[in-house]
Amino acid sequence: MNPYEVLGVSENADEETIKKAYRELAKKYHPDKYVNNPLSDLASEKIKEINKAYDMIMNNRGNGYTNNTADYSRRESGTDPSFNNVRILVSMSRIREALEMLEKLPKNAEWYYLSGRARLQVGWYDQAISFLKTAVNMEPDNAEYRAALDNVLNRNTAYTTSAGNNTSGCCSACDCCTACMCFDCICPCI
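Keep in mind it's a predicted model, so treat the numbers as computed, not measured. (Residues numbered from 1 in each chain as written. Predicted model: local features only at pLDDT ≥ 70, side-chain atom pairs only at ≥ 80, totals over all residues. Heavy atoms only, no water.)

**Description of the environment of Ser115**
Mapped onto the elements of the fold, Ser115 is located in helix H7 (residues 109-121). Taking relative accessible area as the criterion, Ser115 reaches 1% and is therefore assigned buried. Along the chain, Ser115 and Val90 lie 25 residues apart, while their C-alpha atoms are 9.3 Å from each other. (Helix = DSSP H or I, 4+ residues; strand = E, 2+ residues; numbered from the N terminus. Buried < 20%, exposed > 50% of the residue type's maximum accessible area, 1.4 Å probe, protein only.)

Here it is, written out as structure tokens:
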């Protein structure tokens, strides 16, 4: 795989051009855009390829690009803490490993964004929203962070609105069944 071809940039491209191409592709193929979509598996594979290409370029930028797949395999396995490796782990639903790796990284906007995405996958919505809000506050112009937060808030609003329609003051049988199904999804061991 030629990572420059994956990102659609030349091997002589400067770092800012590479980052811009990466962000545009990540936005285009972001898994949140393909929820409940038949193309979600394809988008998930594409974002993994994009993340891998970006990571390869950035990690090899100092020495010039060499196709060192053994070195990348070591990093992808989780031994090298980097935000791109955390992205890969989150996209693969390896949340425990992603959170462990995040603990070794500096707390910047990307850290809060990825922490929010990881927590969202395990159903810790309040924490996820808090982390995503912090990421957006730190980088208000970042469309990826804003889209993730808006997506979570819109889902939360839809749930609150539908749950709030019960005027009897207590839960209906449907509310109880829905809650049980949610618990089964979050913790299948119960």
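**Re the nonpolar core**
Core analysis: the largest hydrophobic core is formed by 27 residues, its most contacted members being Val86, Leu102, Trp111 and Tyr113. Of all the secondary structure elements, the ones that give two or more residues to this core are helix H5 (83-91), helix H6 (95-102), H7, helix H8 (125-138) and helix H9 (143-163). Setting aside residues no more than four positions away along its own chain, Trp111 makes contact with Phe83, Leu102, Glu103, Leu105, Pro106 and Phe131. Counting 18 residues, the second largest nonpolar core, distinct from the first, contains Val6, Ala13, Ile47 and Ile57. (Core = buried A, V, L, I, M, F, W, Y, C linked by side-chain atoms within 4.5 Å. Contact = heavy atoms within 4.5 Å.)

**Quick notes on the packing of H5 against H6**
Taken N-terminus to C-terminus, the directions of H5 and H6 make an angle of 160 degrees; their axes are 8 Å apart at the nearest point. Relative to H6, the element H5 lies roughly antiparallel. As H5 packs across H6, the resulting crossing turns out to be left-handed. In this structure, H5 uses Phe83, Asn85, Val86, Leu89 and Val90 to contact H6, whose residues at the interface are Ile95, Glu97, Ala98, Met101 and Leu102. In terms of residue class, the contact of H5 with H6 is built from 8 nonpolar, 1 polar and 1 charged. (Axes fitted to C-alpha atoms, helices over the stretch in contact; angles between N-to-C directions. Parallel < 35°, antiparallel > 145°, perpendicular 65-115°, else oblique. Left-handed = near helix turned anticlockwise from the far one by under 90°. Nonpolar A, V, L, I, M, F, W, Y, C, P; charged D, E, K, R; others polar.)

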